[in-house]
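What follows is the residue order along each chain.
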Amino acid sequence: MVLIAAEPGDLEIDLGKTAVVLIDMQRDFLELGGFGAALGNDVSQLAACVEPCQRLLAAARKAGLLIVHTREGHLPDLSDAPPSKVERGAPSLRIGDPGPMGRILIRGEAGHDIIPDLYPAADEIVIDKPGKGAFYNTPLGELLKDKGIANLLVGGVTTEVCVNTTIREANDRGYRCIAVSDCCGSYFPDFHDMGLAMIKAQGGIFGWVANSGDVIAAIQNTTNGSTS
Ligand code: C5J
């Protein structure tokens with residue numbers, strides 16, 4: 001068991017029942033020419049969360065935690081993409097359109113892949129998800145149940161969309177979720193702050209928030225043999 005300094009209160013968790021979940025750290029969201037940029041967003045806003053995610057991944061790998069990466073995207077024939085999603089708004093490129101990194105948000109295309117700095121190791125799980133939440137229409141729930149996971153350390157992009165949706169889904173399924181604040185990023189700093197504030201409000205209405213320094217310190221204490 002380790003105690004993680006978190007808000008709205010410290011949380012004691014069994015690291016043997018804990019997974020790191022990194023949400024949608026894909027070129028389509030973080031790089032120019034992808035889905036995020038096509039929506040008119042300033043993708044440079046997401047860069048700050050990459051290095052904390054690298055440190056969290058390194059600590060989790062060393063401690064042998066289960067690591068899950070997710071990717072938002074769709075089948076090439078768009079059969080899993082609701083028209084209400086494809087037709088929405090006025091992006092410069094829509095889902096499925098050809099862009100500089102291949103077809104926007106389509107599985108198998110370069111833009112759909114995870115950024116090189118956070119590339120999954122061969123033994124890590126990659127979940128392809130058609131929606132904003134990582135549980136909807138994916139095998140994630142069964143997989144976590146099979147592995148006996150009870151707690152999730154969640155980072156990724158964007159804080160208020162896919163990170164928030166996934167934590168809400170996980171909370172309803174009984175997982176204790178800690179959003180790792182500096183491992184999350186948004187195109188909108190205010191939405192990032194509010195996305196985290198909503199999670200921990202009202203006594204932790206659907207989770208906890210902690211920074212990567214405190215989470216990594218807890219993981220490393222265990223790796224070094226201490227359980228405090
Ligand atoms: C969005 C995501 N923002 N991964 N996806 O459309 O948050």
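Quick notes on the rules
- Residues numbered from 1 in each chain as written.
- Predicted model: local features only at pLDDT ≥ 70, side-chain atom pairs only at ≥ 80, totals over all residues.
- Heavy atoms only, no water.
- Near = heavy atom within 4 Å.
- Polar contact = N/O pair within 3.5 Å; in protein donor to acceptor, adjacent residues only side chain to side chain.
- Areas by Shrake-Rupley, 256 points an atom, 1.4 Å probe, with all protein chains shown as cover.
- 1 Å grid on protein atoms, 1.4 Å probe; cavity = no way out; pocket = protein on both sides within 12 Å on 5 of 7 lines; lining within 4 Å.
- Sits in = over half its atoms within 2 Å of the grid points.
- Helix = DSSP H or I, 4+ residues; strand = E, 2+ residues; numbered from the N terminus.
- Expected span 1.5 Å × (residues − 1).
- Bend = angle between axes of the 7 residues up to and from the residue.
- Buried < 20%, exposed > 50% of the residue type's maximum accessible area, 1.4 Å probe, protein only.
- Contact = heavy atoms within 4.5 Å.
- Points joined across faces, edges and corners; volume = space filled by probe spheres on them.
- Nonpolar A, V, L, I, M, F, W, Y, C, P; charged D, E, K, R; others polar.
- Pairing = 2+ DSSP bridges.
- Right-handed = clockwise from strand over helix to strand, strands pointing away.
- Core = buried A, V, L, I, M, F, W, Y, C linked by side-chain atoms within 4.5 Å.
- Axes fitted to C-alpha atoms, helices over the stretch in contact; angles between N-to-C directions.
- Parallel < 35°, antiparallel > 145°, perpendicular 65-115°, else oblique.
- Left-handed = near helix turned anticlockwise from the far one by under 90°.
- Phe/Tyr/Trp six-rings, centres within 6.5 Å; stacked < 30°, edge-to-face > 60°.

*Asks:* Can you walk me through the site of the ligand in this structure?
*Replies:* Neighbouring residues of the ligand: D24, F29, F35, E72, K132, V157, T158, V161 and C162. Separating a nitrogen atom of the ligand from a backbone N or O atom of V157 is a distance of 3.0 Å. Alone, the ligand offers 230 Å² of accessible surface; in the complex the protein occludes 92% of this. Among the cavities detected, the one that contains the ligand is the largest pocket.

*Asks:* Just checking my understanding: could you explain helix 7 (residues 189-204) for this structure?
*Replies:* Each turn of an α-helix holds 3.6 residues, which means side chains three or four residues apart point in the same direction. Its 16 residues place the ends of helix 7 21 Å apart at the C-alpha level, agreeing with the 22 Å of an ideal helix rising 1.5 Å per residue. The axis of helix 7 is deflected most strongly, by about 35°, at A197. Among the residues making up helix 7, those that are buried are H192, G195, L196, I199 and G204. Where the residues of helix 7 are buried, they touch helix 6 (159-172), strand 9 (176-185) and strand 10 (208-210).

*Asks:* Is there a simple way to explain the layout of surface pockets in this structure?
*Replies:* Think of a ball as big as a water molecule: rolled over the atoms, this probe shows where empty space is left. Reported here for the largest pocket is a volume of approximately 570 Å³. Forming the walls of the largest pocket are 29 residues, and the residues nearest its centre are F35, L39, E72, K85 and K132. Elements with a contribution of two residues or more to the lining of the largest pocket: helix 2 (35-38), helix 4 (83-86) and helix 6. Of the residues belonging to the lining of the largest pocket, the class tally is 14 nonpolar, seven polar and eight charged.

*Asks:* Could you clarify how one ought to interpret the pairing of strand 7 (residues 125-129) in this entry?
*Replies:* Within a regular strand, the side chains alternate between the two sheet faces. Burial along strand 7 is one-sided: I125, I127 and K129 are buried, while V126 and D128, pointing the other way, are not. Strand direction decides the pairing type here: strand 4 (residues 66-72) and strand 7, joined by five bridges, are parallel. Looking across to strand 7, one finds that R71 is bridged to D128.

*Asks:* Teacher, can you tell me more about the pairing of strand 9 here?
*Replies:* Within strand 9, eight of the 10 residues are buried, which leaves it mostly tucked inside the rest of the structure. Bridge analysis of strand 8 (residues 151-157) against strand 9 gives six bridges, and the strand direction is parallel. In the strand pairing of strand 9, G156 is matched with C184. Running through helix 6, the crossover from strand 8 to the neighbouring parallel element strand 9 is right-handed. Inspection of the sheet shows strand 9 paired to strand 10 by three bridges, in the parallel sense.

*Asks:* So what exactly am I meant to see when it comes to the nonpolar core here?
*Replies:* Considering soluble globular proteins, one finds that nonpolar side chains tend to be buried as a cluster. Of all hydrophobic cores here, the largest spans 41 residues; its most connected members are I4 and L153. If you list the elements that add at least two residues to this core, you get strand 1 (2-4), strand 2 (11-13), strand 3 (18-23), helix 1 (27-30), helix 3 (50-63), strand 8, strand 9 and helix 8 (212-223). Counting residues per element, this core draws most heavily on helix 3, which supplies six residues. If we ignore the near neighbours within four places in the chain, the residues touching L153 are I4, T18, A19, V20, V21, L65, I178, V180, V215 and I219. Counting 26 residues, the second largest nonpolar core, distinct from the first, contains L144, A170, Y175 and I199.

*Asks:* Can you walk me through the packing of helix 6 against helix 7 in this structure?
*Replies:* Helix-helix packing is described using two parameters, namely the angle between the two axes and the distance between the axes. The geometry of helix 6 relative to helix 7 is characterised by a closest axis approach of 9 Å and an angle of 15° between their N-to-C directions. In this view, helix 6 runs roughly parallel relative to helix 7, as classed from their interaxial angle. For the pair helix 6 and helix 7, the crossing hand works out as right-handed. Across the interface between the two elements, T159, E160, N164, I167 and R168 from helix 6 touch F191, H192, G195, L196, M198 and I199 from helix 7. For the contact of helix 6 with helix 7, the residue count by class is five nonpolar, four polar and two charged.

*Asks:* What is the right way to read the packing of aromatic side chains from this model?
*Replies:* Any two aromatic rings considered together are summarised by their centre-to-centre distance and by the angle between their planes. The full count for this structure, using the stated rule, is three aromatic pairs. On the basis of an interplanar angle of 85° and a centroid distance of 6.0 Å, the ring pair of F29 and F35 is categorised as edge-to-face. As far as the burial class goes, F29 and F35 line up, both buried. Relative to F191, the ring of F188 lies with its centre 4.9 Å away and its plane at 50°, an arrangement referred to as tilted.

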